[in-house]
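Below, each chain spelled out in residue letters.
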Amino acid sequence: MSLTIETTLGPLPKERLGRINAHEHLFIDSGQIVVKEPDFRLDSVDCAIKDVVDWREAGGGAIVDTMPVSSGRNVGKLIKVSEATGIPVIVASGFHKGAFYWPDHWRGHYSEDELTELIAAEVEQGCDLNEYQGPIVKRCRVKAGAMKVAGNCNHLDDITRRLIRVIGRVHQRTGCPVFAHTESGLECFEIVQRLNDAGVPSARILICHMDRNADYWLHRKLARTGVLLEYDTPSRFKYQPECVVIRLMREMIDGGFLDRLTLGGDLARRSYLKSYGGGPGYAYLLTHFTARLREEGFSEHELNAIWIDNPFRWLAGTPS
Ligand SMILES: [Zn+2]
C-alpha cells in the first residue's frame, strides 16, 4: 500500500497527479516498429512538450507512458518533458507485443529468473537510461511505476505466458501495478486468470483497448473479475464513432461499474499529434470528448471517478 506514485518527477501524491491519462505515448524512438511504420516514430522532445502543454492547459495531469523498456521507450526524454512542463509521467517497464522488438530480442531467451531481476531493478532501483539495449546499464533516479504485458488476439503464445509469470513475480515483490495490451478479443480473460495465478490481484490490473470491442456483455463479465478497463477509441474514428463508447460507458455505469473505468488517448502516431502536423493531440480527450460527456449527461462525480480516482486506485493499490 503506497500513497505516492512513482513518476518522472519523483514519488507524488494523488493531489499532484490530477486527471490521469491512463494510456498514452510520448515517445517511440527505437525498435522494429518505427522502421517498419515510420508514422509510429515519436522522437522529438520539442514536439512532445508542445502537445503535453496543450494537455496541461486543458486541465490534464499525470500521463501513463505505455512503452516498456527496450521496445521504443526513452526515459531520458520523458524526464526532459516533465521538467519542461511540470506534468508527471508514470514510466512503464515490462514487455510489449512481439512486433515492437527486433527478432532474437533478449526477452525471448533470458531465463525467468534473469528477466525477473531485470524488471524488478527498474521498479526498485530506477529505470535504465540505455533501455537495456546494453552493454552498459545506466540507472536513473526515476523508478518504473507500472508494468506492461501484451496479449495476442484471442490467445496467448508461450512467450507471453512466460512473461506474465515474470511480471507476476515482480508484482509480488514490489506491488507495482500491471496493465495489459489486448487485441480486444477473448484473450483478456486468460490474461486476467494468468496474472491472478501469478499473484497479481485484479484490483491492480488495467485491461487496455477493450472499447474496440464495445460489447457490454463482454465488458461486464470482465469488470466482474475486479479489473479496471481503459478505453481509448475517442477521436480515432477508424475504430468507431464516439457514440459507441459513450453508450458503453453509460451501460457500465448503470451496471454498477463506474469504479472500473479509465480513459487514455493511445495517440501513438505522428499523424495523431498536433506538434508533428497531425491531430487531434493529447488535449482532445479533455477539450472535446469530456465536454461531450458532460453534454451527454455525465456528472462531475462520474468524470472525477474516471479521470482521477480510478486510475489512482489502480496505480497506488489504495481503496479510495
Ligand atoms: Zn498504446
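Preceding this section is the structure that the text describes.
Let me sum up the structure you'll find in this document.

Parameters and conventions
- Residues numbered from 1 in each chain as written.
- Predicted model: local features only at pLDDT ≥ 70, side-chain atom pairs only at ≥ 80, totals over all residues.
- Heavy atoms only, no water.
- Helix = DSSP H or I, 4+ residues; strand = E, 2+ residues; numbered from the N terminus.
- Rg over C-alpha atoms; globule rule 2.2 N^0.38 Å.
- Buried < 20%, exposed > 50% of the residue type's maximum accessible area, 1.4 Å probe, protein only.
- Contact = heavy atoms within 4.5 Å.
- Areas by Shrake-Rupley, 256 points an atom, 1.4 Å probe, with all protein chains shown as cover.
- Salt bridge = Lys/Arg side-chain N within 4 Å of Asp/Glu carboxyl O.
- Lys, Arg positive; Asp, Glu negative; His and termini not counted.
- Core = buried A, V, L, I, M, F, W, Y, C linked by side-chain atoms within 4.5 Å.
- Donors = N, O, S within 2.8 Å, 3.2 Å for Na, K, Ca; no water.
- Polar contact = N/O pair within 3.5 Å; in protein donor to acceptor, adjacent residues only side chain to side chain.
- Arc of directions from axis to C-beta.

1. Notes on the overall build of the protein
Working step 1: Each helix and strand counted, the protein has 11 helices and 10 strands in total.
Working step 2: By the compact-globule yardstick of 20 Å for 320 residues, the protein fits well, its C-alpha radius of gyration being 18 Å.
Working step 3: Reported as C-alpha extents along the three principal axes, the dimensions of the protein are approximately 55 × 40 × 40 Å.
Working step 4: Counting the 320 residues in the protein, one finds 59% classified as buried.
Working step 5: When contacts within the protein are restricted to residue pairs at least 6 apart in sequence, long-range pairs at least 24 apart make up 73% of them.
Working step 6: Here the protein displays about 12100 Å² of accessible surface, and carbon together with sulfur accounts for 51% of that area.

2. As for the pattern of salt bridges
Working step 1: Enumeration over the complete set of coordinates arrives at 26 salt bridges.
Working step 2: Note that Arg-269 is salt-bridged to Asp-39, the shortest N-O span being 3.4 Å. Residue Arg-269 is found in the loop between strand S10 (261-263) and helix H10 (284-295), and its partner Asp-39 is found in the loop between helix H2 (32-36) and helix H3 (45-57); the two are separated by 230 residues along the sequence.
Working step 3: For Arg-141, the salt bridge goes to Glu-83, with nearest N and O atoms at 3.4 Å. Of the two residues, Arg-141 is situated in the loop between helix H5 (112-124) and strand S6 (146-150) and Glu-83 in helix H4 (residues 75-85); the sequence distance between them amounts to 58 residues.
Working step 4: In this structure, a network of salt bridges that share partners links the residues Arg-212, Asp-232, Arg-236 and Asp-266.

3. Describing the side chain of Asp-211
Working step 1: With respect to the helices, strands and loops of the structure, Asp-211 is situated in the loop between strand S8 (205-208) and helix H8 (216-223).
Working step 2: Despite its burial, Asp-211 remains without a salt bridge, the nearest opposite charge being carried by Arg-212 at 5.4 Å.
Working step 3: Excluding residues that lie within four positions of it along the chain, Asp-211 makes contacts with His-219, Glu-230, Tyr-231, Asp-232, Thr-233, Pro-234, Gln-240, Val-245 and Leu-248.

4. Points about the nonpolar core
Working step 1: Counting 89 residues, the largest nonpolar core has Leu-26, Phe-95, Leu-195, Ile-207, Tyr-231, Met-249 and Phe-289 as the members making the most contacts within it.
Working step 2: Per-element accounting of this core gives the leading share, six residues, to helix H9 (residues 242-254).
Working step 3: Every residue in contact with Leu-195, bar those within four places of it in the chain, is listed here: Val-149, Ile-164, Ile-167, Val-178, Val-200 and Ile-205.

5. Describing the coordination of the zinc ion
A four-donor tetrahedral metal ideally has 109.5 degree angles, and a six-donor octahedral metal ideally has angles of 90 or 180 degrees.
Working step 1: Donor atoms from the polypeptide that coordinate the zinc ion comprise His-23 (NE2), His-25 (NE2) and Asp-266 (OD), at 2.1 to 2.2 Å from the metal.
Working step 2: Ordering the donors of the zinc ion by residue number gives the pattern H-x1-H-x240-D. In this structure, His-23 and His-25 share a single accessibility class: buried.

6. Some points on the side chain of Glu-131
Working step 1: Mapped onto the fold, Glu-131 is located in the loop between H5 and S6.
Working step 2: Within polar-contact distance, the side chain of Glu-131 engages the side chain of Arg-73 at 2.8 Å.
Working step 3: Each residue touching Glu-131, except ones within four places of it in the same chain, is listed here: Val-69, Ser-70, Arg-73, Asn-74 and Val-75.

7. A look at H8
Working step 1: For H8, every residue scored as buried is listed here: Tyr-216, Leu-218, His-219, Leu-222 and Ala-223. Burial along H8 is one-sided: seen end-on, the buried residues are contained in an arc of 160°.
Working step 2: For H8, the secondary structure elements touched by its buried residues are helix H7 (187-197), S8, strand S9 (228-231) and H9.
Working step 3: Between a side-chain oxygen at the N-terminus of H8 and the backbone nitrogen of Trp-217 the separation is 3.1 Å; the capping residue is Asp-215.

8. Here's the deal with the environment of Cys-243
Working step 1: Inspection of the secondary structure assignment puts Cys-243 in helix H9.
Working step 2: By relative accessible area, which is 33% here, Cys-243 ends up partly exposed.
Working step 3: Considered as a pair, Cys-243 and Ile-33 are 210 residues apart in the sequence and their alpha carbons are 31 Å apart.

9. Concerning the environment of Thr-174
Working step 1: Structurally, Thr-174 can be placed in helix H6 (residues 158-174).
Working step 2: Between the C-alpha atoms of Thr-174 and Ile-207, which are 33 residues apart in sequence, the distance is 20 Å.
Working step 3: A polar contact of 2.7 Å, which involves the side chain of Thr-174, links it to the backbone oxygen of Val-170.

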